[in-house]
Amino acid sequence: MELAARYEPQDKEAKWYKHWESKKYFRSTPDDREPFSIVIPPPNVTGVLHMGHMLNISIQDILCRHARQNGKNVCWVPGTDHASIATEAKVVKLLREQGIKKTDIGREAFLGHAFEWKEKYGGIILDQLKRLGASCDWERTRFTMEESLSEAVIKVFIDLYKKGKIYRGLRMTNWDPVALTALSNEEVLHREENSHLFHIKYKIEGTEDRYVVIATQRPETIMADVAIAVHPDDDRFKDLVGKKAIIPLIDRAIPIIADTYVDIEFGTGALKITPAHDQNDYEVGKRHNLEVIDILYANGTLNEKAQILVGEDRFEARKKIKGLLKDAEVLVELEQYRTSIGHSERTDAVVEPRLTFQWYLDMKEFCANALEVVEKGEVKFYPEHMSNMYNNWLKEENVRDWCISRQLWWGQQIPAWFYKEDVFVATTEEEALAQARAKYGDDIQATDLKRDEDVVDTWFSSWLWPISVFDGFDKQEELKYYYPTNVLVTGWDIIYLWVARMIMAGYEWAPELLGDQAAKGVQPFHEVYFTGMVRDSQRRKMSKSLGNSPDALALIDRYGADGVRFGMLSSGAAGNDIIFDAPIDKETKKALNESKLCDQGLNFGNKMWNALKLLKMWEVVAEPVSKETKVINELAGLWFENKINKVMGSIEKHMKVYRLSDALMELYKFIWGDFCSEYLEMIKPEYGKPIDEATLNRSLGFFGTLMSALHPFMPFVTEEIWHKLQDRKEGEDCCISSYPKSAEFDEALIKKVDGAIELISTIRKTRNEKGVKQKDPLKLYVQKTSGAEAFMAMVGLKDIISKLAYVEDIEFLEGDVPQNALPLVIGQEKFFLLINQTIDVAEEKTRLEADLKHLKGFVFGVEKKLSNERFVQNAPPQVIENERKKLADGQAKIKHIEESLGNLN
RNA sequence: GAGAGUAUAGCUCAGUUGGUUUAGAGCGAUGCCUUGACAGGGCAUAGGUCGGGGGUUCGAAUCCCUCUACUCUCACCA
């Protein structure tokens, strides 16, 4: 077989993905196996693959492939989210470029364009997931706005309305003046920004020279003022309460009122009350029965009620009014001020508090229940401390109702029809009409009803995702098999927006939908693995606008999916943010598409590829070429087999608690170190010599086992090597090979061979220090003790040492230590390496004395411990046993070193 | 303002209910090695009083208190 000099992932990855798909390995339908299900956190249809996805998808794929190899019926459901605001904004922009205005073409036509856009671009991200190797069941690809999922949303809306949990109300809401829609609190991101506090004086009505000075961040809203409030106990203003002040520039008189809401210490102690443009002012206004004057249009420009600066944007107006106030000589001071400003998560526009009618979901019960089930452990979080964040959000005093309506078209339209003052919630217009007629008489026609124009929040459909992807609201066979899903893998940043709400939805509807199967559990997932944010080397979140994120696909092109997966995984453990090591170009400040960690992954693939080449290059014969070779190969095989059994136990442990990077690192070291550096070197025939068939086959078997074990992490290179190792039958693929299991192992045997490896390493070190070439044959003596005899008696051990350390002979030492022999202490045994040069006595003495000092300190500590009665009484026997062994080892070593020092004199 | 997390080698991180040689890995650095699977390599070396201080314990990187620094979440006074 002709094998390339290097492993080139590019063409091989595409080939294997196609192969797996054609074999339908990722397809899942219910059967009698145990299910393992994961629903993908649906990326936005507008999205392109970024580093966050790569991490998240790699992890899910590892879990899925691992479960698949363990014989589970793995169902990983992919899909996309319609992302109402983001997508609508994108389509609106696209249409505008074509000279089309959304409002001109109407809802139907707009949705037509939007769906067209979705068909064209919506699948891009899913194809990109395939390049990473994601083993999703693509036949199950879902979309949050497809018919069946939308029906579920409507069903749920009506159900909640009937239960009295959904209501409509006039409230102060977070308004996005760019997207022209309300937002939920969770969609508003606060950022600290520099701002000014304008101190403005308002003249007191009926006086010539009395003023009251207020402080505000938003001078452009003074035209909407309806009062000035002071604290009732504030002596500075006591006599003003009940009088009126005059708004500058527009000369409107407003009352001065007293309210304890005002903070005496802050600003000037006098607060302008603007109920239309501030949540707190609205509350104050309500208490005092004040008028609400709204001076802003929905898009954030000033309307006629402002009287001045009409048509100006709110920020333009702020700049201009500053000049006007100055000219009017009422701007007393401009104070520097740092404050946090709410921005729309999707459009980044500064959020405007605005009084609107919206639909709300009462969250009290939902939150209490969601809190309880996590507390009880029905949903487990990894890492555990994420439950703190979760609890904090859900606890009673922080609960606020969820604003679920959005003034958009791209989404599920709210199933409500208005007639006069009434609203009728129903699945269809006919039903709504029937309800209306029941109340108002049969004269009412469908045309008299007006449907609510709004759609529901995107998250109001995604919170149903674990149920709706199985069409669970419609028919339940699949739901009963796959639900609850095993694990959710997602970023902690959407713990409130999504994770908590899915838990709520699960407990709300699953009991009824599952019926007799509800005993299995009604939670949407048993466990949640929170991934960290991917950050750059300066710990900034990777983002498009900063340009500090490497291009995900470019990384795959360069390092292969396996390399990138390795890089992502080795960056960090569950839940911690990961620092991705892509360097930043100094000039452009953009991230380069490079990564040492990914490079390490690529190199790892190459290393394994070369090990494959090695195994494939020898001539094969029936019997080992010599007796030494035979015993070496047999012992090496025994040792490695035991090591596999041991290591797999450790891997199992890691996998169980999602310590994926630990599992990967352990496999990496095992394959690179134990397999390539040790095992293969042990069995490697001398140059030009053949290998015996039994050893080769056993080695190929080991290699195959290693490929199975590594497959979930690096699926492509392992599949490639798996097939090159030996001829495989049709359908005998690494992808579905059973995952290696832990088994009994002989610890004593492992220790002995590991001891030999330590000796070999020490010999190499000594050669290095003394400038003796690694391959110059040397002679080695062992001091004869019962331990040494037992050690050397292991068949093949001596030959392994000879072979790997280039020692031509090993003899027991009975007489005096030969000239120019350097002492080496391994465990409690002492070896002498005979080198062909005179030993520098002084240098050797210094080295030994340093060792001695260190050892004596160590032994002293252990002795102190053991002579402490309370230690001996309290510590577990195992620990004491260990300490005794440490002491014995240390004392033996001290003895050896002292002897050697004696010999030097 | 309330809450949470983190601090261990030059860098990125492990260290799983306190006890396995006076703390480990990977990368990087340094030295040596190159016709023999692999320079995308081999062999080896040097780096840490576990953020500071105090306490509990026979025993602390690990538990408690306190201080410092950074990060995050939520709520915010115009």
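Values in this document were obtained by computation on a predicted structure and should not be read as measured data.

A. Region of interest: a nonpolar patch on the surface. Residues Val-48, Tyr-121 and Ile-124 make up a contiguous nonpolar surface patch of about 230 Å² in total accessible area. Position of Ile-124 among the secondary structure elements: in helix H5 (residues 124-132).

B. Expanded view of the pattern of salt bridges. Counted under the stated rule, the structure contains 66 salt bridges. The partner of Arg-565 in a salt bridge is Asp-61, with the nearest N and O atoms 2.7 Å apart. Pair noted here: Arg-565 is in helix H16 (residues 552-569) and Asp-61 is in helix H2 (residues 51-69), with a separation of 504 residues, a long-range link. On the accessibility criterion, Arg-565 (2% relative accessible area) is buried. Across the pair Glu-365 and Lys-165 runs a salt bridge whose closest N-O atoms are separated by 3.6 Å. Placement of the pair is Glu-365 in helix H9 (residues 364-375) and Lys-165 in the loop between helix H6 (147-162) and strand E5 (166-176), with a sequence separation of 200 residues. By relative accessible area, Lys-165 is classed as buried at 11%.

C. A look at the protein's contact with RNA strand B. Within the structure, RNA strand B sits among 65 residues, and Asn-280, Ser-340, Arg-400, Arg-659 and Phe-858 are positioned closest to it. Here Glu-681 contributes a side-chain N or O atom positioned 3.2 Å from a base nitrogen of RNA strand B. Between a phosphate oxygen of RNA strand B and a side-chain N or O atom of Lys-684, the distance comes to 3.0 Å. Those elements giving two or more residues to the surface near RNA strand B turn out to be strand E8 (211-216), strand E13 (331-344), helix H17 (596-617), helix H19 (660-683), helix H22 (747-770), helix H25 (841-867), helix H26 (869-874) and helix H27 (877-904). Here the surface near RNA strand B gets 10 residues from one element, more than from any other, and that element is H17. In the surface near RNA strand B, the residues fall into 25 nonpolar, 21 polar and 19 charged.

D. Geometry of the domain arrangement of chain A. For chain A, the assigned domains are domain 1 (33-52 + 69-164 + 362-399 + 463-531), domain 2 (181-352), domain 3 (746-839) and domain 4 (840-905). A C-alpha centroid distance of 41 Å is found between domain 1 and domain 2. Taken together, the contact between domain 1 and domain 2 spans 7 residues of the former and 7 residues of the latter. Inspection of the domain 1/domain 2 interface yields 1 salt bridge. When the shortest N-O distance is used, the salt bridge between Glu-186 and Arg-501 registers 2.9 Å.

E. Expanded view of H16. Compared with an ideal rise of 1.5 Å per residue, which puts 18 residues at 26 Å, H16 spans 15 Å between its outermost C-alpha atoms and falls more than 12% short. Residue Tyr-559 marks the point of greatest curvature in H16, where the axis turns by about 105 degrees. Of all the 18 residues making up H16, 14 are buried; the element is thus mostly covered by neighbouring parts of the structure. N-cap assignment for H16: the residue whose side-chain oxygen lies 2.9 Å from the backbone N of Leu-553 is Asp-551.

F. The arrangement of H6 in detail. For H6, spanning 16 residues, the distance from its first C-alpha to its last is 23 Å, which sits close to the expected 22 Å at 1.5 Å a residue. Three or more residues of H6 are buried, namely Leu-149, Ser-150, Ala-152, Val-153, Ile-154, Val-156, Phe-157, Ile-158 and Leu-160.

G. Local environment of the packing of aromatic side chains. Tallied over the entire structure, the rule returns 42 aromatic pairs. With a centroid separation of 5.5 Å and 70 degrees between ring planes, the pair formed by Phe-157 and Trp-359 is classed as edge-to-face. Here Phe-157 is found in helix H6, whereas its partner Trp-359 is found in strand E14 (residues 352-361), with 202 residues between them in sequence. Classification of Phe-157 by relative accessible area gives buried; the value is 1%. By relative accessible area, Trp-359 is classed as buried at 1%.

H. Representation of the sheet that holds strand E31 (residues 829-834). Strand order across the open sheet formed by 4 strands is E29-E28-E31-E30, with mixed pairing between neighbours. Edge positions in the open sheet fall to strand E29 (807-813) and strand E30 (821-826), since each of these has one partner strand only. The mean inter-strand angle of the sheet, taken between neighbouring strand axes irrespective of direction, is 25 degrees. Pairing analysis gives 6 bridges linking E30 to E31, with the strands arranged antiparallel. Residue pairing across strands places Ala-821 opposite Leu-834, the latter belonging to E31. Against the sheet, helix H23 (residues 786-793) makes contact with strand E28 (778-783), E29 and E31, and its axis sits at roughly 145 degrees relative to E29, the strand it touches most.

I. The sheet that holds strand E18 (residues 416-419), seen in detail. Spatial strand order, E19-E18-E20: 3 strands in an open sheet with antiparallel pairing. On the outer flanks of this sheet lie strand E19 (422-425) and strand E20 (450-451), each paired with one strand and no other. As defined by bridge partners, E18 adjoins E19 across 4 bridges and the pair is classed as antiparallel. Residue pairing across strands places Phe-418 opposite Val-423, the latter belonging to E19. On the sheet, helix H11 (residues 429-440) packs against E18 and E19 and is oriented at approximately 140 degrees with respect to E19.

Conventions we followed
- Residues numbered from 1 in each chain as written.
- Chains lettered and ligands numbered in written order.
- Predicted model: local features only at pLDDT ≥ 70, side-chain atom pairs only at ≥ 80, totals over all residues.
- Heavy atoms only, no water.
- Patch = residues over 30% accessible without salt bridge, like charges linked within 9 Å, V, L, I, M, F, W, Y side chains within 5 Å.
- Areas by Shrake-Rupley, 256 points an atom, 1.4 Å probe, with all protein chains shown as cover.
- Salt bridge = Lys/Arg side-chain N within 4 Å of Asp/Glu carboxyl O.
- Helix = DSSP H or I, 4+ residues; strand = E, 2+ residues; numbered from the N terminus.
- Buried < 20%, exposed > 50% of the residue type's maximum accessible area, 1.4 Å probe, protein only.
- Near = heavy atom within 4 Å.
- Polar contact = N/O pair within 3.5 Å; in protein donor to acceptor, adjacent residues only side chain to side chain.
- Nonpolar A, V, L, I, M, F, W, Y, C, P; charged D, E, K, R; others polar.
- Domains from an automatic or database assignment.
- Contact = heavy atoms within 4.5 Å.
- Expected span 1.5 Å × (residues − 1).
- Bend = angle between axes of the 7 residues up to and from the residue.
- Phe/Tyr/Trp six-rings, centres within 6.5 Å; stacked < 30°, edge-to-face > 60°.
- Pairing = 2+ DSSP bridges.
- Axes fitted to C-alpha atoms, helices over the stretch in contact; angles between N-to-C directions.

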